[in-house]
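Secondary and tertiary structure notes
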Amino acid sequence: MRSSRRFIVALTSALLAAASASAQQVGTATAVNPLSESTPPGGTTAPLVVGAHIVHKERVHTTPAGTVQLLFTDKSTMSIAPNTDIVIDEYVYDPNAKSGNMLVSLTKGTLRFVGGQLSHQGEATITTSSANIGIRGGTVTVIQGPGGTKVINHFGIIKITNGAGTFLLTRSDFGALIQSWNTLIQDLGRIPTAEVAFYQAHTTSTPTEDGGVPGFKGTNIGHCGLGSVQGTNCPQVPWMPTDGGQLDATQILGNATNFGAGQITPPPPPPPPHRNPGR
Amino acid sequence: MKDGTWRASWNRIAGALAPALLLVVSCLPAKSQTTSELLNPLFQGILARPADFNNALQYGAQAATGDVESAISTYEQLLFYNPNLASVRFELGVLYYRLGSYEMARSYFDSALKMKDITPALRQRSEDLIADIDKRLQPDQFSGYVQSGFRYQTNAALGPAAGTVLASGKIFNNSFAARPDGNWFGAFGLNYVHDYEQQNGNTFEASAIGYDAQQFKLHQFDIGVMELRAGPRFGIISDTATGLSIKPYFVATGATLADAAYYGGLGGGLTAHVKLGDVSLDPYAEIVQQSFRNLTLYPLASGMTGALSTVGLQASGPVYASLGFQSRVTYAHADANFNPFGYNAYAGDVWLPWNFSPLNDGRTWTLTPTAGLSWWQYNAPDPTIDPFVTPNILEWRLGLGLEVPIWKLLYLGMLAQYRADVSNVSAFSMHDFSVTAGPTMRF
C-alpha cells in the first residue's frame, strides 16, 4: 500500500515537473495583428495577444489577415506572415551556458527569422515538408507553399538539407528552391529586389494596423539620419582617398631628385672660343 | 639565404605589420552576445512588457551599437506598432545595410521614401545609400573619382636647401634644390568589379589610378603616373560576416618625368581579403620589375632599375560614430643596378575620414586627417655624395583633407600636407608644405 502511494506521489511529481518544463516560456508574442491564434500543447486554440507567453510545442497560426512577431529568450525573432502555420517543436536555451537548440516546423506560409544566440551557434533549424534549414548567423526568409520551400538568405550561412542532398546558401540576397524532400535543391541566385520587398511587407503590419500596440509615434528614433553628426555605426558610403596618384608621383620624384639627377652641380659650360678682332 | 638572414627578414616584416595588427585588434567591435547582455533588463523588459515601446526604443538604440540582429528584431517590432514612420524604416535599412543584406536594406530605404513624415535630411541619406546599394547589386560595378585643380608647394623639387654642401665639398646641384612652385594637376581613380553572381562570390576586379602635374616654372618636375591592377578574386568564405577571398593580380605602372618617358614597372602579386567584425583586412605581397630610363636631366636614373618586392597590410573600418579609418603598412626591398640605390623601406600611413553634415541637409562633408611615416635604409654609401656614409632617411608627413559637396556627384576637394625628410646625409634632408584645391567628382 505504502509502495503504491509512493509510486503515485513519484508519478504525480514527475508529471508535474514534465508539465512545468513543457509549459516553460520560450518567448513572447511582441506584436499581433488579428486574427492570429495559438494552441499550447494539450490546450485549446485561442486568439493570440501581445505579451502572451509562447511555450514549448506551441502551435501558432495566422489567418489571411493576421501577422505576428515572436521574440524568443535567446533574442531570436520570427515575423510571421498571414496564412502561416508553425509549431515550436523544440526549444532549449540556457543563458548561462549559452547553449541549447531550437527547431521550428513551418507547415505553410511565410516567416522571417532574425537570429539570436542559438543561431549564432548553428543550433536553430526550421523544418518544412521539403527540407531542413539550418541557420548559422543568420537572418532568413522561408516561404512554404504548394510548390515547395523557398529560402532567401539575408545574412549568415544557411545549410539546407533534404533527401537529395545538402546545399549551402552563403551569400546575402541569394535564394534556393526545394520542391520536395527528394528533389535536388535549386540555386536561385540573387533574388530580385521587388520579391524581397514583397516578403518584407508581407511580414509586418499593413498601414492601418498597429500590431496590437496603439499610440506609437516614433519620437526619438534613430541616430543615423538625424542631426549634423551621424551616430555610432551608421553606414558610410565607401570613401576612396584621392591622393593615391600623388603619393606615387611624390615617391618617384623624390628618388629622381635624390639619385637620378646626380647631386653635383655640373661644371659650367666651356667659354666661347676667343675671337680675334682681326687687328 | 642564410638562416639568420631569413630571421632578420621575418623580424623586419613582423615589425612592419605589428602596428597595423594592433590598430585592427583595438578597433574590433565586441560582437558576441554575453550572458549579461542576454540578462539585460531592457531585453527582459521587452519579453515581459512588449507593449512598453519606450523600453523597446531604448533597447533598440543600445543594441544598434553592437548587436545588429537584435536591433533589427526590435525595430521590426516597432514597425509592427506603426508601419508609417520613415525613421523606423530608415533605421532598419541601415541595420540590414550593415549586415550586407543590401536587397532588404534597399526595400526599407525605398519604403522610407514613400512615408509622409520623411525629412529632407532623411531623404538625402536614403537616396545616397540607395545609390550605393544599386551600384553594389550590379554585376558590373564602377566607382571612383576624377579630380583637377591647382597645387602650390614650398619645395617642388623635394630637394635639400639651395647651397647644400656635399661631403666631397662640392655644392648640391641647384636645379634640384628646394624652390617653390605651383602646378596644375589632374587625377583619377577607377575601380571596376565584375560579379559573376555565384554563391562563392567570385569576381574579376580592376583598378586604375592616374596623376599628371604640369609645373608653372620648374618643368624638370612635370610628372605623370598611371598604374593599372587587375585580377580575379576567388571567394573562399562568401558570407558577408567573413568574406574571405584571395586575388592574384598583375600590376603595370608607367611614369613620365620632365615630359619624357622615365619609368616602367611590371609585376604581380597576391592579396587576400577578410572581414573581422566591421574591419576589413587586405594583406598583400607583390613583386615589380622596375625600369628607369636615363634622361638628360636625370642621367643616373637607370641605376635604380631592379626588382621591388613589397609585403603590406591594408585595413579599413569604423573607429567611432562616423569616423572611420584606412591604413596601410608596408615593408619593401628594392634591388638596384647600382647597389647604393637599393634599399629596404618601412612605411605606414593612416587616413581618418570623418563624415559630418554641418548644414543638417543630409549631405556629407568629409574631413580627413592623414599621417604617415617612412624609413629608408640604403644599401651602401653613394660615392658621388658621401663615400663614407650609408644614407638613411626618416620621413614623416601630416595632412588634412576636406571634401565639401557642391552638387550631386561634384565636390570641392582641398588638401594641405607637410612632409619632412631627415637624413644622416644632408643632401637627402628636405621639407615641403603643399596645398591642393580643385573640383572632385565621385561616382
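Residues numbered from 1 in each chain as written. Chains lettered and ligands numbered in written order. Predicted model: local features only at pLDDT ≥ 70, side-chain atom pairs only at ≥ 80, totals over all residues.

A look at the overall build of chain A
Scanning chain A from N- to C-terminus turns up four helices and 15 strands. Out of the 279 residues belonging to chain A, those deemed buried represent 49%. In chain A, once contacts between residues fewer than 6 apart in sequence are set aside, the share between residues at least 24 apart is 44%. (Helix = DSSP H or I, 4+ residues; strand = E, 2+ residues; numbered from the N terminus. Buried ≥ 20, exposed ≤ 12 C-beta atoms within 10 Å, placed from the backbone. Contact = placed C-beta atoms within 7 Å.)

What about the nonpolar core?
Formed by 87 residues in total, the largest nonpolar core has its most connected members in Val151(A), Ile160(A), Leu95(B) and Tyr96(B). Considering every element that reaches this core, the biggest residue donor is helix H6 (residues 86–99) of chain B, with nine residues. Ignoring anything within four residues of it in the chain, the contact list for Val151(A) reads Ile133(A), Val140(A), Val142(A), Ile158(A), Ile160(A), Leu169(A), Gly175(A) and Ala176(A). In terms of nonpolar packing, the next biggest core, distinct from the first, is built from 47 residues, Ile252(A), Ala157(B), Tyr298(B) and Tyr378(B) among them. (Core = buried A, V, L, I, M, F, W, Y, C linked by C-beta atoms within 7 Å.)

Here we look at the domain arrangement of chain B
Residue and element names in this part refer to chain B. Along its sequence, chain B is organised into domain 1 (35–136) and domain 2 (139–442). Placing the centre of domain 1 and that of domain 2 at their C-alpha centroids yields a distance of 39 Å. Per-element accounting of the side of domain 1 that touches domain 2 gives the leading share, eight residues, to helix H8 (residues 120–137). The residue makeup of the side of domain 1 that touches domain 2, split by class, is four nonpolar, two polar and four charged. (Domains from an automatic or database assignment. Nonpolar A, V, L, I, M, F, W, Y, C, P; charged D, E, K, R; others polar.)

Focus: the environment of Asp128(B)
Checked against the element boundaries, Asp128(B) lands in helix H8. Measuring from C-alpha to C-alpha, the distance between Asp128(B) and Gly362(B) comes to 9.1 Å, with 234 residues separating the pair along the chain.

Comments concerning the interface of chain A and chain B
Counting from both sides, the interface comprises 89 residues of chain A and, opposite them, 114 residues of chain B. Of all the elements in the fold, those that place two or more residues in the side of chain A that touches chain B are strand S1 (25–33), strand S6 (67–72), strand S7 (77–80), strand S11 (132–145), strand S12 (148–162), strand S15 (186–190), helix H3 (193–202) and helix H4 (244–260) of chain A. Among the elements that make up the side of chain A that touches chain B, the one with the highest residue count is H4(A) (15 residues).

Digging into unusual backbone geometry
With a phi close to 75 degrees, Lys57(A) is a non-glycine residue in the positive phi region. As for its placement among the helices and strands, Lys57(A) is situated in the loop between strand S4 (53–55) and strand S5 (59–62). Judged by the 17 C-beta atoms lying within 10 Å of it, Lys57(A) is partly exposed. One non-glycine residue with positive phi stands out, namely Leu158(B), at about 55 degrees.

Let's talk about H3(A)
Listed as buried for H3(A) are Val196(A), Tyr199(A), Gln200(A) and His202(A). The buried residues of H3(A) occupy an angular sector of 165 degrees when the element is viewed end-on, so they sit on one face. Those residues of H3(A) hidden inside the fold are in contact with strand S9 (99–114), S11 and S12 of chain A together with helix H7 (102–113) of chain B. (Arc of directions from axis to C-beta.)

Considering the confidence of the model for chain A
When the pLDDT values of chain A are averaged, the result is 83; 79% of them are 70 or greater. Here residues 225–229 of chain A scores under 50 on pLDDT; set against residues more than four positions off or in separate chains, the count is 13 contacts. (pLDDT = per-residue confidence, 0-100.)

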